[in-house]
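Structure assessment
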Amino acid sequence: MKKHQLKKQILQKEIQIKKLQLHQTTSDICNQLYNSLILEKAVLKKELENIEKKPLLENIKKIFCKKEKLICDYWNK
């Protein structure tokens, strides 16, 4: 249910963005609206990704995946 609503909201944001692109002007208000729509769409997509993740699979990956070694780890020894 939540996944369907997020997909619908993302589609609505894409439609709004396309409409703004057709009527692009150099107005600051239009640019702010465009940027806010892009940001809202990105947030919705991230929420959708988080819903689609399978927590059990993610935990298994964390256990068996090789830990990344960061450059700062060499100085902690």
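Let me begin by describing the structure that accompanies this report. (Residues numbered from 1 in each chain as written. Predicted model: local features only at pLDDT ≥ 70, side-chain atom pairs only at ≥ 80, totals over all residues. Heavy atoms only, no water.)

**Re the overall build of the protein**
Within the protein, the regular secondary structure consists of three helices and zero strands. The order of α-helices and β-strands along the protein, N terminus first, is α-α-α. Over its C-alpha atoms the protein spans a radius of gyration of 20 Å, topping by over 25% the 11 Å that the globule rule assigns to 77 residues. Per-residue burial over the protein gives 12% buried out of 77 residues. The contacts in the protein between residues at least 6 apart in sequence include a share of 67% that link residues at least 24 apart. Counting only carbon and sulfur atoms, one obtains 59% of the accessible surface of the protein, whose full area is about 7200 Å². (Helix = DSSP H or I, 4+ residues; strand = E, 2+ residues; numbered from the N terminus. Rg over C-alpha atoms; globule rule 2.2 N^0.38 Å. Buried < 20%, exposed > 50% of the residue type's maximum accessible area, 1.4 Å probe, protein only. Contact = heavy atoms within 4.5 Å. Areas by Shrake-Rupley, 256 points an atom, 1.4 Å probe, with all protein chains shown as cover.)

**Focus: the pattern of salt bridges**
One pass over the structure, following the stated rule, counts three salt bridges. The partner of Glu 14 in a salt bridge is Lys 41, and the shortest N-O contact between them spans 3.5 Å. Highlighted residues: Glu 14 in helix H1 (residues 2-22) and Lys 41 in helix H2 (residues 28-52), separated in sequence by 27 residues. For the salt bridge of Lys 46 with Glu 49, the shortest nitrogen-to-oxygen distance reads 3.8 Å. Of this pair, Lys 46 and Glu 49 both sit in helix H2, separated by three residues, roughly a single helical turn. Take Glu 49: its relative accessible area is 44%, and that puts it in the partly exposed class. (Salt bridge = Lys/Arg side-chain N within 4 Å of Asp/Glu carboxyl O.)

**Observations regarding the packing of H1 against H2**
Remark: H1 packs on H2, axes separated minimally by 9 Å, with the N-to-C direction vectors making an angle of 155 degrees. Put simply, H1 runs roughly antiparallel to H2. For the crossing formed where H1 meets H2, the hand is left-handed. Taken together, the residues of the contact of H1 with H2 sort by class into twelve nonpolar, three polar and ten charged. (Axes fitted to C-alpha atoms, helices over the stretch in contact; angles between N-to-C directions. Parallel < 35°, antiparallel > 145°, perpendicular 65-115°, else oblique. Left-handed = near helix turned anticlockwise from the far one by under 90°. Nonpolar A, V, L, I, M, F, W, Y, C, P; charged D, E, K, R; others polar.)

**Focus on a nonpolar patch on the surface**
The grouping of Leu 56, Ile 60, Ile 63 and Phe 64 at the surface amounts to a nonpolar patch, some 490 Å² of accessible area in total. With respect to the helices and strands, Ile 60 occurs in helix H3 (residues 55-64). (Patch = residues over 30% accessible without salt bridge, like charges linked within 9 Å, V, L, I, M, F, W, Y side chains within 5 Å.)

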